[in-house]
Amino acid sequence: MKIVHTIADLRAALAPFQRPAFVATMGNLHDGHIALVDQAKPLGDVTVASIFVNRLQFAPHEDFDSYPRTWEADCDRLRAAGCDVLFAPRETDLYPEPQTYKVHPPAELADILEGHFRPGFFVGVSTVVMKLFSCVFAGKPEGVAMFGKKDYQQVMIVRRMVQQFALPISIVPGETLRAADGLALSSRNGYLNAQERSEAVELSRALQALGQAVKTQGMAQRETLEIEAMLALSARGWKPDYLTVRRRADLLPPNEGDTTTLVVLGAAKLGTTRLIDNLEV
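Along each chain, residue indices are assigned from 1 in the same order as the chain's sequence is written. Confidence filtering applies because this is a predicted model: local features only for residues at pLDDT of at least 70, side-chain atom pairs given and counted only at 80 or more, and all residues used for totals across whole chains, interfaces and linings. Water and hydrogen atoms play no part in the side-chain values, which are based on all heavy atoms of the structure.

Chemist: Would you take a moment to explain the sheet that holds strand β9 (residues 273-280) for this structure?
Modeler: Strand pairing in a sheet relies on backbone hydrogen bonds, with the paired strands running either antiparallel or parallel. Here the rule is simple: two strands pair whenever DSSP picks up at least two bridges between them. Segments assigned H or I by DSSP are reported as helices when at least four residues long, segments assigned E as strands when at least two residues long, and all are numbered from the N terminus. Here we have three strands laid out as an open sheet, ordered β7-β8-β9, and antiparallel in their pairing. Each edge of the open sheet is held by one strand with a lone partner, namely β7 (239-247) and β9. Across the sheet, the mean angle separating the axes of adjacent strands is 10° when strand polarity is ignored. Where strand β8 (residues 262-270) lies against β9, eight bridges are found, and the strand directions are antiparallel. Bridge assignment links K269 to a residue of β9, and that residue is R274. Contacts between residues were defined by any pair of non-hydrogen atoms, one from each residue, lying within 4.5 Å. Angular values range over 0 to 180 degrees, each being the angle between N-to-C directions of two axes fitted as lines to C-alpha atoms, with helices fitted over their stretch in contact. Contacts from helix α11 (residues 222-235) reach β7 and β8 within the one sheet, and its direction differs from that of β7 by about 150°.

Okay, structure coming up:
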């Protein structure tokens, strides 16, 4: 595996190739990241991963400085997975001057759910993804980028960004990997103590129960069922931001009698750790 830090060195490493398959990460890799690398490998002629903790998507009160950085272990995992090129830019490599040009996704998609509770988050995500794409895919006729479906809203925003800017990149969603008890794998799971870790699966169980309740009792009861789901999770000591049923197509609330496919999404804090999850129903 070739490790490069500058944009020039990355482009030189990728010069012989025509169809990169790319996985963007912030490091602290788990099996879900490696699954994305595994899925990417047959889709291109070179497999590229990036590790970059993107300051732009962290609010001042969030965990940028304390976000886990596990460089040696990450390199070992990517090397074992058969990754060909690792792009690990320093902040001054990717942002040599203040990033005053930014990508602002539409408010109706980016300012709901995660965007409501983390204002500006998707501006930071969209901007860094666009910049990483320009580094990896510059001069290439086509390419593929894998994104995990655990970050459901993020996948949708990136896919629409690629469509609107006519980028020659296929966005391929990877299914959420889960621990044996059903907890979605996440880099932030490492913040949980033993008691919190055993409790953490209750978020996915609450989403399952909410999805089943809406299918059983009907869309007219959706808002009541969402409130009940949040109260039940709160009673277990969580601080939920949202547990909600939305349309997969646009993440808007479904109407009564809506026959479109749905997704149940949730975000809640357990102790000091904020977890997100979703289930398509």
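Chemist: Where do I start with the state of the cysteines in this structure?
Modeler: Covalently bonding the sulfur atom of one cysteine to the sulfur atom of another cysteine gives a disulfide. Pairs of cysteine sulfur atoms within 2.5 Å are identified as disulfides in what follows. Inspection of the entire model under this criterion finds zero disulfides. The closest cysteine sulfur to the non-disulfide-bonded C75 is located on C83, 9.6 Å from its own sulfur. Only protein chains enter the accessibility calculation, which uses a 1.4 Å probe; a residue whose area is less than 20% of its type maximum is buried, one above 50% is exposed, and one in between is partly exposed. By relative accessible area, C75 is classed as buried at 3%. The thiol of C135 is not disulfide-bonded; the next cysteine sulfur, from C83, is found 15 Å away.

Chemist: I tried to follow helix α3 (residues 71-80) on my own but got confused; where do I start?
Modeler: Three or four residues apart is the spacing at which side chains of an α-helix point the same way, because the helix has 3.6 residues per turn. Within α3, burial applies to D74, C75 and L78. Taken end-on, α3 shows its buried residues confined to a sector of 100°, consistent with a single buried face. What points out from α3, more than 90 degrees from its buried face, is the exposed set E72 and A80. Against β1 (2-4), α2 (31-40), β3 (46-51) and β4 (85-87) lie the buried residues of α3. At the exit of α3 stands G82, carrying a positive phi of roughly 85°. To obtain the arc, one takes the directions from the helix axis to the C-beta atoms.

Chemist: Could you clarify how one ought to interpret the packing of helix α1 (residues 7-14) against helix α7 (residues 121-137) in this entry?
Modeler: Each packed pair of helices is defined by two parameters, the angle between the axes and the distance between the axes. The geometry of α1 relative to α7 is characterised by a closest axis approach of 8 Å and an angle of 45° between their N-to-C directions. The angle between α1 and α7 falls in the class oblique. Contact with α1, carried on its side by I7, L10, R11 and L14, involves S134, C135 and V136 of α7 and no other residues of that element. Classifying every residue of the contact of α1 with α7 by side-chain character gives five nonpolar, one polar and one charged. Should an angle fall under 35 degrees it is called roughly parallel, over 145 degrees roughly antiparallel, and 65 to 115 degrees roughly perpendicular, with every other angle called oblique. Each residue is assigned to one of three groups, with Ala, Val, Leu, Ile, Met, Phe, Trp, Tyr, Cys and Pro labelled nonpolar, Asp, Glu, Lys and Arg labelled charged, and all others, Gly among them, labelled polar.

Chemist: What's the story with the side chain of S126 in this structure? I'm lost.
Modeler: Tracing the sequence through the fold places S126 in helix α7. The buried category is assigned to S126, whose relative accessible area is 1%. Residues contacting S126, with those up to four places away along its chain left out, are V103, P105, I157 and M161.

Chemist: Any chance you could explain the pattern of salt bridges here in plain terms?
Modeler: Opposite charge on two side chains lets them pair, provided their charged atoms get close. By definition, a salt bridge exists where a carboxyl oxygen of Asp or Glu is found within 4 Å of a side-chain nitrogen of Lys or Arg. Overall, the coordinates contain 20 salt bridges when judged by the stated rule. Among the ionic pairs, K149 bridges to E175, the shortest N-O distance being 2.9 Å. Here E175 lies in the loop between β6 (169-174) and α9 (194-200) and K149 lies in the loop between β5 (143-148) and α8 (152-164), a separation of 26 residues in the sequence. For E175, a relative accessible area of 54% gives the class exposed. By sharing partners, the salt bridges in this structure join K149, E175, R248 and E280 into a single network.

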